[in-house]
Amino acid sequence: MIDGDTLEVEFEDGETDTIRFIGVDTPETSLGDVSPEEYEGIPETDAARDHLYNWGQQASEYATEELEGETVRVVTDDEGDRRGSFGRLLAYIYVGETNFNQQLLDQGYARVYDSSFSLREDFDSTEEEARSNDVGLWDFDAEETATPTPTPEPESGSGGDGGVETPTPSGDASDPYDCSDFDSQEAAQQVLEDDPSDPSGLDGDDNGVACESL
């Protein structure tokens, strides 16, 4: 096996060839080559790439276990290209009566490759069923694996509910502020509302308004 959808075969006459399974595509076995956008419903995220990379490895292992050393039947498709862009023979692989290409779809190791071939309708139906049942590589929960958005920290020096920036206290804990510390009456008012006991005496006439001179 070369990977999950490609293998080398030796025919009865001793000739060898590289077979690319027609109509299916397993995830790449190189992380840098993985393309989540090719798999419907799989998002373009690092978690999704890792997920597909792992399934590419599993597809390769599965194909090796199922096909290595086996006698298989190689069948080309008159409705599809005979060879791919890399010169590989495009064909179905049969183990007994089982179409292994379609078995990869059924077990969730592959997607349907967007090309023309006679079994396209059957392959599409097999992939759709695997997707709807979250089989194999389709079992990916984007919400569970997404990195949560952190809650923003309040800006340093910001006030309470009003969100008005307040200055650093100039005094001690018993008398932290003076009206001259504030750039605006709103900022002084925010401090008063945050601590109505008014230890700094910002509301000198006790009318609920801080630093009226600002």
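Here the structure is shown first, and the text comes after it.
Quick caveat, the model's predicted, so the values are computed rather than measured.

Calculation notes
- Each residue is numbered by its place in its chain's sequence as written, counting from 1.
- Residues qualify for local features only when their pLDDT is at least 70, as the model is predicted, and side-chain atom pairs are given and counted only at 80 or more; totals for whole chains, interfaces and linings, by contrast, use all residues.
- Side-chain measures were taken over the full set of non-hydrogen atoms in the model, leaving aside hydrogen atoms and water.
- Lining residues are those with an atom within 4 Å of a point, where the points come from a 1 Å grid over the protein atoms alone and group into cavities, where a 1.4 Å probe fits but cannot get out, or pockets, open sets with protein on both sides within 12 Å along at least five of seven lines.
- Grid points are joined across faces, edges and corners, and a volume is the space filled by probe spheres set on the points.
- Runs of E in the DSSP output that reach at least two residues are strands. Runs of H or I that reach at least four are helices, and both are numbered from the N terminus.
- When residue character is reported, Ala, Val, Leu, Ile, Met, Phe, Trp, Tyr, Cys and Pro are called nonpolar, Asp, Glu, Lys and Arg charged, and the others, Gly included, polar.
- Note that a disulfide, as used here, is simply two cysteine sulfur atoms within 2.5 Å.
- Buried, partly exposed and exposed residues are distinguished by accessible area as a fraction of the type maximum, computed with a 1.4 Å probe on protein chains only: under 20%, between the cut-offs, and over 50%, respectively.
- Strand pairing is assigned whenever DSSP identifies at least 2 bridges connecting the two strands.
- Contact definition: two residues touch when any of their heavy atoms are within 4.5 Å.
- What makes a salt bridge here is a side-chain nitrogen of Lys or Arg within 4 Å of a carboxyl oxygen of Asp or Glu, nothing more.

Colleague: Describe the layout of surface pockets, listing the residues and the values that go with them.
Modeller: Considering only enclosed or pocket space, the largest pocket measures out at about 530 Å³ in volume. In terms of lining, the largest pocket is formed by 28 residues, of which the most central are Arg-20, Asp-25, Ser-85, Arg-88 and Tyr-113. Residue assignment for the lining of the largest pocket shows that the elements contributing at least two residues are β2 (16-21) and β3 (24-25). Its residues assigned to classes, the lining of the largest pocket shows seven nonpolar, ten polar and eleven charged. Approximately 330 Å³ is the volume attributed to the second largest pocket. Lining the second largest pocket are 14 residues, with Glu-8, Val-9, Glu-10, Glu-70 and Val-72 sitting closest to its centre. A per-element tally of the lining of the second largest pocket places strand β1 (residues 6-10) first, with four residues.

Colleague: Give a detailed account of the state of the cysteines, specifying residues and quantitative values.
Modeller: In the structure shown here, the tally under the stated rule is one disulfide. The disulfide that involves Cys-179 links it to Cys-211, with 2.0 Å between the sulfurs. Taking the torsion about the sulfur-sulfur bond, which here is approximately -90°, the covalent link between Cys-179 and Cys-211 counts as left-handed. A residue pair is termed long-range when its members are at least 10 positions apart, and Cys-179 in the loop between α4 (142-145) and α5 (185-194) and Cys-211 in the segment after α5 qualify at 32 residues. You can call Cys-179 partly exposed: its relative accessible area is 22%. Assessed through its relative accessible area of 3%, Cys-211 is described here as buried.

Colleague: How would you sum up the pairing of β1? Please name residues and give values.
Modeller: Alignment of β1 against β2, held across five bridges, turns out to be antiparallel. Following the sheet pairing, Val-9 is matched in β2 by Asp-17. In textbook terms, the turn of a hairpin is the stretch between consecutive antiparallel strands, and for β1 and β2 this stretch comprises five residues, one of which, Gly-14, has a positive phi near 90°.

Colleague: Provide a residue-level description of empty space enclosed by the protein, including the pertinent values.
Modeller: Empty space left among the atoms is revealed by rolling a probe the size of a water molecule over them. Enumeration according to the criterion identifies one cavity of 30 Å³ or more in this entry. Taken as a whole, the largest cavity holds about 30 Å³ of empty space. Lining the largest cavity, in full, are Asp-25, Thr-26, Pro-27, Glu-28, Asp-33, Val-34, Ser-35, Glu-38 and Tyr-39.

Colleague: Explain the side chain of Arg-111 to me, using residue names and the numbers behind them.
Modeller: Along the chain, Arg-111 turns up in strand β7 (residues 111-112). Using a relative accessible area of 10% as the deciding quantity, one classes Arg-111 as buried. Ignoring any residue separated from it by four or fewer positions in sequence, one finds Arg-111 in contact with Gly-23, Val-24, Asp-25, Glu-38, Tyr-39, Leu-105, Glu-127 and Trp-138.

Colleague: Tell me what's going on with the pattern of salt bridges, and back it up with residues and numbers.
Modeller: Enumeration over the complete set of coordinates arrives at eleven salt bridges. With its nearest N and O atoms 2.4 Å apart, the salt bridge here joins Arg-49 to Glu-44. Accessibility expressed as a relative area gives 23% for Arg-49, which makes it partly exposed. Through salt bridges with shared partners, a single ionic network connects Asp-5, Arg-20, Asp-25, Glu-38 and Arg-111.

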